[in-house]
Amino acid sequence: MELIFEKSRSGRRASTFPRYDLPPGEVPDELRRERPPRLPELAEPEVMRHFTELSTRTFGIDTGFYPLGSCTMKHNPRVNERVVALPGFRDLHPLQDEDGIQGALELEWRLQEILAEVTGLDAVSLQPAAGSQGEVTGLMLMRAYFADRGETERSEIVIPDSAHGTNPASVAMAGYTLVGVSTDKRGNIDLDDLRGKVGERTAGLMLTNPSTLGLFDESIDEIQRIFHRAGALMYYDGANLNAVCGISRPGDMGFDIVHINLHKTFSQPHGGGGPGGGPIAVRKSLEPFLPVPAVVREDAEEAARFRLDYDRPKSIGKVRAFTGPFGVFVRSYAFIRAYGPALKEMSEVAVLNANYVLARLKDAYELPFDRLCMHEFVLSARNLKRAHGITALDVAKRLMDYGFHPPTIYFPLIVPEALMVEPTETETKETLDAFCDAMLSIAREAEEEPELLCEAPHHRPVGRLDEVKAAKRAIVRYGFEDHPDLSAEPAEAEPRQLEAQKGA
Amino acid sequence: MTRFLSLTEADRKEMLDTIGVSSIDDLFEQIPAAVRFDRELALEPALSELELVTHLEALAARNAHTGAELSFLGAGIYDHYIPAVVDAILSRGELLTAYTPYQPEMSQGVLQAIFEYQTAICELTGMDVSNASGYDGTTVAADACFLAKHATRRSKVVLAEALNPQVRQVVKTYAPGFGLEVIEVPHRSGVTDPDEFRDACADAACAIFQQPNFLGCLEPAPDLAAAANEADALAVAHVDPVSLGVLEAPGAYGCALAIGEGQGAGNYQSYGGPHYGFLAARSEYIRRMPGRIVGETIDAAGRRGYVLTLQTREQHIRREKATSNITTNQTLLALAGLVHLSWLGPEGLRELGETCLALGRYAKERLQSAGFEPAFPDRTTFKEFAVRVGRPAGEVVTEARRKGVHPGYALGRDYEGLDDTLLACVTEKRSPADVDRLVDVLQEVAA
C-alpha cells in the first residue's frame with residue numbers, strides 16, 4: 001500500500017477557507033518560511049480512502065478477540081463516544097472562567113470520589129496522562145513526602161523481578177535507585193529476599209497486585225508490614241486493577257499511592273497507542289503533595305460549587321497541562337456510571353473468563369505457577385520449543401491465521417517463552433472456546449506440521465517483518481525522491497524478529 | 001448490570017465446572033481474608049444508556065463552550081476548525097479500539113499512519129526524526145530536557161520566561177528527579193533578548209524558547225538558536241504546528257530539537273486534553289529519543305512493512321536505563337493531526353496561517369484605533385497578541401462574558417506588570433465581524 005505522500009500530486013487539496021477581504025499580516029523576512037513543508041496534496045475523496053484502507057489493516061477490539069495480557073482489551077461502549085462529543089465537553093476551553101466550567105469540574109470531582117472508593121484511598125489527582133506518568137508522579141510524591149519529614153536518606157525503591165519495565169524506568173526518572181527483589185515458587189514476592197532489602201534507605205515498594213503473572217500476592221499483608229515498619233511507602237501499579245474492583249482495594253491492602261489506568265480498567269479506547277489516563281489516589285498524609293490544581297467542592301447555600309485550588313504550598317507542581325486528559329475522564333466516568341456497584345461483577349467475570357481459558361489450555365502448554373489465576377495468566381511455550389522448536393512467537397503469529405490477536409509474549413521476563421493471556425470480562429463463552437480450540441489446535445500443529453507455525457501468519461497484508469533491518473537502517477520517515485527501496489536490496493534468508501515486544 | 005457482559009447463567013455454571021470450583025467466590029481464595037473487601041462499593045446505582053446520556057448532557061450544559069459565546073481565548077489551546085474527515089476517520093472502530101501495535105502483522109494500518117505522522121512532523125519542523133507522540137506540549141519539554149541532559153552530560157536547563165507558564169512548571173516539577181537546575185530568562189518587552197539568552201546558556205544542557213511565544217510575539221528565533229548553539233547547549237524550539245506554513249521551521253534556523261503542543265492541528269479543545277505533544281530532532285539524537293518510533297522494513301517476500309523500532313531505547317528492554325518511561329502515548333490524537341494536515345496540504349496550511357495573520361493584524365488595528373494599545377507595540381505577532389485594557393484584565397473578562405464575549409486570557413495570572421493586559425487570540429473561526437464585536441464589547445466594558 002502506498003504512503004499518503006506517494007499519492008500526493010501537486011495542485012490537489014481538500015481544504016478551503018473563508019476569504020476575508022483584509023490586508024495581509026506582516027512577518028519579517030528572516031522569520032518567514034522559505035521552503036514549504038511537503039505535506040501530502042490530495043482532494044478529500046483520496047484522504048478518506050487512504051485512512052479507511054489503513055483502518056482495514058488494523059485490528060481493534062471491535063474487530064475481534066484481543067487477549068493482550070496486561071492491556072485489558074475490553075469492549076469500548078459507544079455511548080461514551082457520543083457523550084464525549086457533546087459541545088459542552090468537546091469545545092470547552094481549559095482556561096474558561098470557573099463559572100463556565102462547573103459541569104466539567106463536577107464530572108472530575110465525581111470521578112475522583114469514585115476512584116477513591118474503588119481504591120480505598122482518600123484523595124485523587126486526575127492529572128497524570130497515562131500509567132507511566134502516574135508512576136513517576138507517585139514517586140515524586142514520595143520524594144516530597146520524605147523531604148517534608150526530613151528523611152532525605154531514603155533513596156531506594158524496591159521492585160520485584162516480574163514488574164513492568166515502566167517501573168524501573170520511572171524510578172530512574174524520579175531520581176531514585178532501584179533495588180530488585182525476586183519471585184518465589186508460588187509467584188509471590190520472595191519474603192526472605194525482601195526482608196534484607198528494606199531499611200532506612202528504602203523510600204518504598206512498587207508492586208502490581210495481582211502481579212504480571214496474574215497472581216494475587218498471598219503475602220501482601222506481611223509485605224505491607226515490612227515496608228510500613230521501616231517507615232517506607234507502598235506504591236500500587238494499577239495496571240491489573242480490573243481483577244479486583246469491589247473485591248479487594250489497594251488501600252485496604254496497605255498501599256499508600258495507587259495509579260489507575262483509565263484506558264485499561266475503565267475502558268478508554270486505546271486508539272492504537274493512546275490516549276490513556278493515569279490518575280493517582282493517595283492516603284490523606286500524601287494529599288498535600290498532589291499536583292495542582294486540585295479540583296475541590298465547596299458546599300454553598302443553594303448548591304455545590306466546584307473550583308480549582310492552586311493554593312497547595314507543598315504540591316510537587318504540575319506533571320502535564322491543565323487538569324488532565326478530560327475526554328478520557330468523560331468516557332471512564334460514563335463507563336463506571338453504567339456499572340455502579342456492579343463493577344464487582346465486572347471483575348468477577350474477568351477472573352472467571354481467565355480461569356476458564358487457563359483450565360482449558362494448561363495441559364497443552366506449560367503453566368509455570370500452578371494456581372488459580374486472577375484476570376490473566378501466563379503460560380509458557382517452553383514445552384513446544386523443547387520438543388518441536390516452536391517458540392511463543394510462532395504460536396502468536398499462527399493465532400493470527402485463526403483470526404485472533406495474539407496474547408502478550410515474552411513478558412514477564414521471568415517466564416521463558418511467555419504467553420500472557422487476558423480475555424477480559426466482555427467476551428462470550430463461544431469466543432473463549434474458539435480461542436481455546438485454536439490454541440489447542442496450534443499445539444497439535446507444532447507437533448504435526450511445525451512449518452505451518454514457522455511461516456505464519458499466512459493471511460495478513462505482510463508476513464513476519466525484519467525487525468533487525470528496521471533498527472539497523474532506521475528509516476523513520478518518508479524520504480521523498482531519496483526514499484530507499486528496501487525490497488531491491490538482498491533479503492536476509494530469514495526475517496529476524498526481536499523477542500521483547502512488550503510495554504504495558 | 002450486564003449490558004457489557006456476555007455470559008449467561010448457564011455459561012457461568014459450565015465454566016465453573018470446567019475450572020473445578022463451585023462458585024466464583026472460590027476463585028478469590030488466593031486473596032487473604034484480611035484484605036478482602038466485605039461490603040458493596042458505595043457508588044451510585046447503575047444508569048441505563050438513556051439515563052447516562054441525560055445525566056452527561058446536564059453536566060455538559062453547565063459548561064460555557066466556545067460555540068456558546070464568542071471566544072478569543074487561546075494561550076496554548078486553540079479553537080481552530082476541525083474538518084469533518086477527522087471525525088470520520090477517528091470513528092473507525094479498528095483505529096479507535098486497537099492497542100499499541102506490538103504485533104505488526106495485525107497493525108500495519110496504525111503503524112503506517114504513525115510513520116506518516118512522523119514524516120509530517122519532520123516536514124513541518126525541518127527535523128530528521130520524530131517520535132510517535134508525547135502526552136502534550138508540556139511533557140515533551142521535560143522529555144527534551146532529559147534527552148539533553150544525557151546528550152551533553154550537563155545539568156542545567158534554560159527556559160525563556162516567554163515560554164508557556166505551564167510548560168515551565170512541568171519542567172520544574174520533573175527537574176529534581178532528573179537532577180537538573182532550571183534557569184529562566186525574563187522577557188524584555190515581549191521577547192527574549194539573545195544576549196541575555198546566550199549568557200544563561202553557558203554550561204546548559206539545553207535552552208527552550210517558544211515561537212510565537214506565550215505573549216503572542218515572534219521571538220528572534222534564529223538569534224536565540226544561535227545563542228544556544230554557541231554555548232553547545234541544545235537549542236529547542238517550542239512551536240505551534242499551525243504557524244509552520246508561514247513561519248520558518250526550527251530545523252532551518254539551527255535547532256537541535258523541535259517540540260510543541262499538537263492540539264491546534266486536529267484536536268478539539270476538550271477542556272485541555274487528551275491532545276498530543278510532538279518531539280522531533282536532528283538525526284544525531286535518534287537513539288536518545290523518548291517514546292515509540294516506527295520504522296520501515298520488509299518481510300521475507302520483500303513486501304514493505306512497518307514496525308516499532310529502535311526499541312532498545314525503551315523501558316520494556318532497557319528498564320532503568322531507558323530514555324523514558326513512556327509506553328501509552330497519544331497515537332489517536334496524533335492520527336487526528338495527520339488527517340488534518342493531509343486535509344490542509346502545504347497550500348492550505350499556508351493559507352490558514354495567512355488568514356490568522358491577517359485577522360490578527362485587523363484585530364490589533366481595530367483595537368488600537370478604539371484606544372486599546374498593544375502591550376508590546378514594536379513586536380510582530382501571529383494569531384495572538386497582548387493588549388492593554390486599562391483596568392484589571394480579569395474584571396474585563398468577567399464583564400465582557402456577561403455580554404456574550406470571552407475577550408481572552410488575563411496575563412497578570414502569570415506575568416508581573418501585565419495585570420491590565422489581555423492575551424487575545426484570533427483563529428480562522430473568528431470573522432472580521434466577530435472582531436468588530438470584540439472591539440465594541442471591550443469599549444463598553446472599559447468605559
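Note that the coordinates shown come from a computational prediction; the quantities given were computed from them, not determined experimentally.

*Asks:* I'd like to hear about the overall build of chain B, residue by residue, with values.
*Replies:* Helix and strand counts for chain B stand at 14 helices and 16 strands. Taking the principal axes of its C-alpha atoms as reference, chain B extends roughly 80 × 50 × 50 Å. Relative to its 447 residues, chain B shows a buried fraction of 65%. Within chain B, residue pairs in contact and separated by at least 24 positions form 72% of the contacts whose partners lie at least 6 positions apart.

*Asks:* Help me get a handle on the overall build of chain A, residues and values and all.
*Replies:* A tally of regular secondary structure across chain A gives 16 helices and 12 strands. Against the 2.2 N^0.38 benchmark of 23 Å for 504 residues, chain A shows a C-alpha radius of gyration of 25 Å, consistent with a compact globule. Each principal axis of the C-alpha atoms in chain A carries an extent, and together these give about 75 × 65 × 45 Å. When each of the 504 residues of chain A is scored for burial, the buried share is 60%. For chain A, the proportion of contacts with a sequence separation of at least 24, taken over those separated by at least 6, is 73%.

*Asks:* Any chance you could break down the sheet that holds strand 12 (residues 418-421) of chain A for me, citing the residues and the numbers?
*Replies:* Residues and elements named next belong to chain A. Taken in spatial order, the three strands line up as 10-12-11 in an open sheet, and their pairing is antiparallel. Looking along the sheet, the strands with just one partner apiece sit at the ends: strand 10 (377-380) and strand 11 (408-409). The pairing of strand 11 with strand 12 spans two bridges and is classified as antiparallel. Considered in strand 12, the bridge of T408 is made with M420.

*Asks:* Could you give me a rundown of the interface of chain A and chain B, with the residues and numbers involved?
*Replies:* With 185 residues of chain A in contact, the opposing surface of chain B contributes 176 residues. For the side of chain A that touches chain B, the class distribution of residues is 98 nonpolar, 45 polar and 42 charged.

*Asks:* Talk me through the sheet that holds strand 10 (residues 277-281) of chain B; I want residue IDs and the actual numbers.
*Replies:* Paired through their backbone hydrogen bonds, the strands of a sheet run either parallel or antiparallel. Residue and element names in this part refer to chain B. The seven strands lie next to each other as 2-10-9-8-7-3-4, forming an open sheet whose pairing is mixed. A strand with exactly one partner marks an edge of an open sheet, and here the two such strands are strand 2 (129-130) and strand 4 (181-185). Bridging between strand 3 (residues 156-160) and strand 4 involves five bridges; their strand directions are parallel. The partner of A160 across the bridge, within strand 4, is V185. Set on the sheet, helix 7 (residues 139-152) makes contact with strand 3, strand 7 (206-211), strand 8 (234-239), strand 9 (257-261) and strand 10; between it and strand 10 the angle comes to about 25 degrees.

*Asks:* Residues and numbers for the environment of A:L419, please.
*Replies:* Residue and element names in this part refer to chain A. Within the element layout of this structure, L419 appears in strand 12. Considering only alpha carbons, one finds L419 and A243, 176 residues apart in sequence, at a separation of 18 Å. Discounting residues that sit within four places of it in the chain, L419 has contacts with Y365, V378, L379, A381, A392, V395, P407 and I409.

*Asks:* So what's going on with the domain arrangement of chain A? Residues and values would help.
*Replies:* Segmenting chain A into domains produces domain 1 (1-57) and domain 2 (99-341). For domain 1 of chain A and domain 2 of chain A, the distance between their C-alpha centres works out to 42 Å.

*Asks:* So what's going on with the nonpolar core? Residues and values would help.
*Replies:* Formed by 308 residues in total, the largest nonpolar core has its most connected members in A:L419, B:A144, B:C145, B:C206, B:A207, B:V236 and B:L257. The biggest single contributor to this core is helix 12 (residues 331-369) of chain B, with 18 residues. Once residues within four sequence positions are removed from consideration, B:C145 is found in contact with B:V157, B:V171, B:F178, B:L180, B:A205 and B:C206.

*Asks:* Explain the environment of B:A258 residue by residue, including any values.
*Replies:* Tracing the backbone shows B:A258 in strand 9. Leave out the neighbours within four places in its chain, and B:A258 touches B:T125, B:M127, B:A237, B:V239, B:P250, B:G251 and B:A280.

*Asks:* Got a sec to walk through the packing of helix 10 (residues 326-339) of chain A against helix 3 (residues 49-60) of chain B? Specific residues and values, please.
*Replies:* Two measures define how a pair of helices packs: the angle their axes make with one another and the distance between the axes. Running from N to C, helix 10 of chain A and helix 3 of chain B cross one another at 140 degrees; their axes reach a closest spacing of 10 Å. On the basis of the axis angle, helix 10 of chain A is oblique to helix 3 of chain B. Note that helix 10 of chain A runs across helix 3 of chain B; the crossing there is right-handed. Together, A:A334, A:R337 and A:A338 of helix 10 of chain A and B:L52, B:H55 and B:L56 of helix 3 of chain B make up the contact between the two elements. Tallied by class, the residues present in the contact of helix 10 of chain A with helix 3 of chain B amount to four nonpolar, one polar and one charged.

*Asks:* Got a sec to walk through unusual backbone geometry? Specific residues and values, please.
*Replies:* Residues and elements named next belong to chain A. Cis geometry marks the peptide bond from N209 to P210; its omega dihedral reads 0 degrees. Assignment of secondary structure puts P210 in the loop between strand 4 (202-208) and helix 8 (220-229). The residue A474 is not glycine, and still its phi comes out positive at about 50 degrees. Positionally, A474 belongs in the segment after helix 16 (467-473).

*Asks:* I'd like a description of the packing of helix 1 (residues 44-56) of chain A against helix 6 (residues 108-125) of chain B, backed by residues and values.
*Replies:* Helix 6 of chain B packs onto helix 1 of chain A with a crossing angle of 135 degrees between their chain directions and a minimal axis gap of 6 Å. In terms of axis orientation, helix 1 of chain A runs oblique to helix 6 of chain B. Along the contact surface, helix 1 of chain A presents A:L54, A:S55 and A:T56, while helix 6 of chain B presents B:G109, B:Q112 and B:A113. Looking at the contact of helix 1 of chain A with helix 6 of chain B, its residues break down into two nonpolar, four polar and no charged.

*Asks:* Which residues make up the confidence of the model for chain B, and what are the values?
*Replies:* Per-chain confidence: chain B averages 97 in pLDDT, with 100% of residues scoring 70 or above. Per the prediction output, this complex has pTM 0.98; the corresponding ipTM is 0.98.

*Asks:* Got a sec to walk through the domain arrangement of chain B? Specific residues and values, please.
*Replies:* Domain annotation for chain B reports domain 1 (9-52), domain 2 (70-81 + 345-446) and domain 3 (85-338). Computed over C-alpha atoms only, the centres of domain 1 of chain B and domain 3 of chain B are separated by 44 Å.

*Asks:* So what about helix 8 of chain A? Which residues, and what values?
*Replies:* Within an α-helix, residues lying three or four positions from one another point in the same direction, as the helix has 3.6 residues per turn. All names here are of chain A. Inspection of helix 8 places I220, I223, I226 and F227 among the buried residues, and these make up the whole buried set. Seen end-on, helix 8 carries its buried residues on one side only, within an arc spanning 120 degrees. Summarising the geometry of helix 8, the exposed residues directed more than 90 degrees from the buried face are R225 and R229. Looking at the buried positions of helix 8, the neighbouring elements they touch are helix 7 (191-195), strand 4, strand 5 (233-238) and helix 9 (250-253). Trailing helix 8 by a residue or two, G231 shows a phi angle of about 80 degrees, which is positive.

*Asks:* Could you give an account of the pairing of strand 5 of chain A, with specific residues and numbers?
*Replies:* Residue and element names in this part refer to chain A. Of all six residues that make up strand 5, six are buried, and the element is covered over most of its length. Between the parallel pair strand 4 and strand 5, the chain is carried across by helix 8, and the sense of this crossover is right-handed. Across four bridges, the pairing between strand 5 and strand 6 (residues 257-260) is parallel. Counted as the bridge partner of G238 is I260 from strand 6.

*Asks:* For the environment of A:R297, give the residues involved together with the corresponding values.
*Replies:* Residues and elements named next belong to chain A. Here R297 is to be found in strand 8 (residues 294-299). Here R297 falls in the partly exposed class, since 15 other C-beta atoms lie within 10 Å of it. Spatially, the C-alpha atom of R297 lies 46 Å from that of L358, the residues being 61 residues apart in sequence. Setting aside its immediate chain neighbours within four residues, R297 contacts W109, A304 and F306.

What counts, and at which threshold
- Along each chain, residue indices are assigned from 1 in the same order as the chain's sequence is written.
- Following the order in which they are written, the chains are lettered starting with A and the ligands numbered starting with 1.
- Predicted model: local features are reported for residues with pLDDT of at least 70 only, side-chain atom pairs are reported and counted for 80 or more only, and whole-chain, interface and lining totals are derived from all residues.
- Counting from the N terminus, the helices are DSSP H or I runs at least four residues long and the strands are E runs at least two residues long.
- Once C-beta atoms are placed from the backbone, each residue is buried if 20 or more other C-beta atoms lie within 10 Å of its own, exposed if 12 or fewer, and partly exposed for counts between those two.
- Any two residues are considered in contact once their C-beta atoms, placed from the backbone, lie within 7 Å.
- In this description the radius of gyration comes from C-alpha coordinates, and the expected globular size is given by 2.2 Å times residues to the power 0.38.
- We treat two strands as partners when DSSP finds at least two bridges between them.
- Residues are grouped as follows: Ala, Val, Leu, Ile, Met, Phe, Trp, Tyr, Cys and Pro are nonpolar; Asp, Glu, Lys and Arg are charged; every other residue, Gly included, is polar.
- Only the stretch in contact is used when fitting a helix axis, every axis being a line fitted to C-alpha atoms; angles between N-to-C directions are given from 0 to 180 degrees.
- For every domain, the bounds stem from an assignment made automatically or drawn from a database.
- When buried Ala, Val, Leu, Ile, Met, Phe, Trp, Tyr and Cys residues are joined through C-beta atoms within 7 Å, the set is termed a nonpolar core.
- Should an angle fall under 35 degrees it is called roughly parallel, over 145 degrees roughly antiparallel, and 65 to 115 degrees roughly perpendicular, with every other angle called oblique.
- Each crossing gets its handedness from the near helix: less than a right angle anticlockwise from the far helix is left-handed, clockwise is right-handed.
- Confidence scores here are pLDDT values: one per residue, from the predictor, ranging 0 to 100.
- This arc describes the spread of directions from the helix axis toward the C-beta atoms.
- When the strands point away from the viewer and the path from the first strand over the helix to the second turns clockwise, the crossover is right-handed.

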